Amino acid sequence: GRLSPEVAALATRNPGAIIGVGGNVPQSATRGLDLMSAEISSSVASIRQFYGSVATTPSGFQMQTVLRTETAGAARTLSDTVAGLKQFAPILLSRMAEPRAGLLRGVVEDTRVAAEGNEVRIELALAQTAAAALIDAF
């Protein structure tokens, strides 16, 4: 029941974070995964580790999630998949009532996705006013 040093290092990569997480994703956890398409399923199945953090900034919060894949090619594919889902989100949000839909559209638009080596970085800078509006709306 002890936390491995490798996972602890993942969770503490951002020393200024108020929240840090990290973990390993065993292959058995994603074996036989059947999502919306074979490409999405294989992209998710390629994730071997993750880490992330929430930190404060002078204007609000900085959130980051990093998904570490088996290869750089898998990271590019996963990044493209996440970017594609980001483009699809407004369609789903159009079915939601305001102000929630508008607030979530802003979150989706402000989320940045990029592949770097075998990692996919998903980042969001959220202003304190936007965070307060989200908390109030939900």
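Residues numbered from 1 in each chain as written. Predicted model: local features only at pLDDT ≥ 70, side-chain atom pairs only at ≥ 80, totals over all residues. Heavy atoms only, no water.

*Asks:* How should a nonpolar patch on the surface be read in this particular structure?
*Replies:* A contiguous nonpolar surface patch, about 360 Å² in accessible area, is contributed by Leu 33, Leu 35, Met 36 and Leu 85. Mapped onto the fold, Leu 33 is located in the loop between α2 (27-30) and α3 (38-45). By relative accessible area, Leu 33 is classed as partly exposed at 31%. (Patch = residues over 30% accessible without salt bridge, like charges linked within 9 Å, V, L, I, M, F, W, Y side chains within 5 Å. Areas by Shrake-Rupley, 256 points an atom, 1.4 Å probe, with all protein chains shown as cover. Salt bridge = Lys/Arg side-chain N within 4 Å of Asp/Glu carboxyl O. Helix = DSSP H or I, 4+ residues; strand = E, 2+ residues; numbered from the N terminus. Buried < 20%, exposed > 50% of the residue type's maximum accessible area, 1.4 Å probe, protein only.)

*Asks:* How do you make sense of the layout of surface pockets when you look at a structure like this?
*Replies:* It is the rolling of a water-molecule-sized probe over the atoms that shows where space remains empty. Approximately 190 Å³ is the volume attributed to the largest pocket. What lines the largest pocket is simply Met 63, Gln 64, Thr 65, Val 82, Leu 85, Lys 86, Val 108, Thr 111, Val 113, Ile 122, Glu 123 and Leu 124. Among the secondary structure elements, those contributing two or more residues to the lining of the largest pocket are β3 (60-69), α4 (72-93) and β5 (119-127). (1 Å grid on protein atoms, 1.4 Å probe; cavity = no way out; pocket = protein on both sides within 12 Å on 5 of 7 lines; lining within 4 Å. Points joined across faces, edges and corners; volume = space filled by probe spheres on them.)

*Asks:* Got a minute to help me understand the pattern of salt bridges in this structure?
*Replies:* Note that side chains of opposite charge can pair when their charged atoms are close. One pass over the full model with this rule turns up five salt bridges. Measuring nitrogen to oxygen at the nearest pair gives 3.6 Å for the salt bridge that ties Arg 121 to Glu 119. Accessibility assignment for this pair places Arg 121 and Glu 119 in one class, buried. Counted as one network, the salt bridges with shared partners bring together Arg 68, Glu 116, Glu 119 and Arg 121.

*Asks:* How should the nonpolar core be read in this particular structure?
*Replies:* What tends to happen in soluble globular proteins is that the nonpolar side chains get buried as a cluster. The biggest cluster of nonpolar side chains holds seven residues, and these are Val 25, Ile 47, Leu 67, Ala 75, Leu 78, Val 82 and Val 120. Element by element, the count of residues in this core is highest for α4, at three residues. Ignoring anything within four residues of it in the chain, the contact list for Val 25 reads Thr 30, Ile 47, Arg 48, Gln 49 and Phe 50. Core analysis: the second largest hydrophobic core is formed by five residues, Val 107, Leu 124, Leu 126 and Ala 131 among them. (Core = buried A, V, L, I, M, F, W, Y, C linked by side-chain atoms within 4.5 Å. Contact = heavy atoms within 4.5 Å.)

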